[in-house]
Amino acid sequence: MTSTTAGACPHCGWPDHAEPFQVVSRHATAAGHTVWIRCGCGSLQVRVVDQRGMRIVSRSRPPAPDAVRARCGSAGP
Ligand SMILES: [Zn+2]
């Protein structure tokens, strides 16, 4: 079993260390910046980049739940 904390998109397996599929927007913060990224599967993720590096603080589900419903059936809308 794989860890759910980090490493890759839980929906399509896109590695977090790989080139982002699409950078949606980037916002400067006091500590660094926040980057919104759309994954190859359509899932939106929010990354915080600061002096300590990059970490993912939020992930959404893909917009077409039919494609992945078998993997996250308990999640609400
Ligand atoms: Zn994905």
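The shown structure was predicted, so the numbers you read here are calculated from the model rather than taken from an experiment.

Participant: Any details on the overall build of the protein chain? Residues and values, ideally.
Facilitator: Scanning the protein chain from N- to C-terminus turns up zero helices and four strands. Put simply, the protein chain runs from its N terminus to its C terminus through helices and strands in the order β-β-β-β. The proportion of buried residues among the 77 residues of the protein chain is 9%.

Participant: Give a detailed account of the environment of I37, specifying residues and quantitative values.
Facilitator: Position of I37 relative to the elements: it lies in strand β2 (residues 32-38). In this structure I37 comes out as buried when scored by C-beta crowding, with 21 C-beta atoms within 10 Å. Residues I37 and R59 lie 22 residues apart in sequence; the distance between their C-alpha atoms is 9.4 Å. With residues near it in sequence (within four places) discarded, I37 still touches P20, F21, Q22, V23, V24, Q45 and R47.

Participant: I'd like a description of the pairing of strand β1 (residues 22-28), backed by residues and values.
Facilitator: In terms of burial, β1 is largely open, as just zero of its seven residues are buried. Examined bridge by bridge, β1 and β2 share six bridges and lie antiparallel to one another. From the neighbouring strand, A28 faces β2, where its bridge partner is H33. The antiparallel pairing of β1 with β2 creates a hairpin that spans three residues between the two strands.

Participant: Give me the lowdown on the sheet that holds strand β4 (residues 53-59), citing residues and values where you can.
Facilitator: Strand order in the open sheet made by the four strands is β1-β2-β3-β4, with antiparallel pairing throughout. Single-partner strands in this sheet number two, and they are β1 and β4. Direction aside, neighbouring strands of the sheet carry axes that sit 25° apart on average. Inspection of the sheet shows strand β3 (residues 44-50) paired to β4 by six bridges, in the antiparallel sense. Note that in β4 the partner of V46 across the bridge is S58.

The rules we used
Residues numbered from 1 in each chain as written. Predicted model: local features only at pLDDT ≥ 70, side-chain atom pairs only at ≥ 80, totals over all residues. Helix = DSSP H or I, 4+ residues; strand = E, 2+ residues; numbered from the N terminus. Buried ≥ 20, exposed ≤ 12 C-beta atoms within 10 Å, placed from the backbone. Contact = placed C-beta atoms within 7 Å. Pairing = 2+ DSSP bridges. Axes fitted to C-alpha atoms, helices over the stretch in contact; angles between N-to-C directions.

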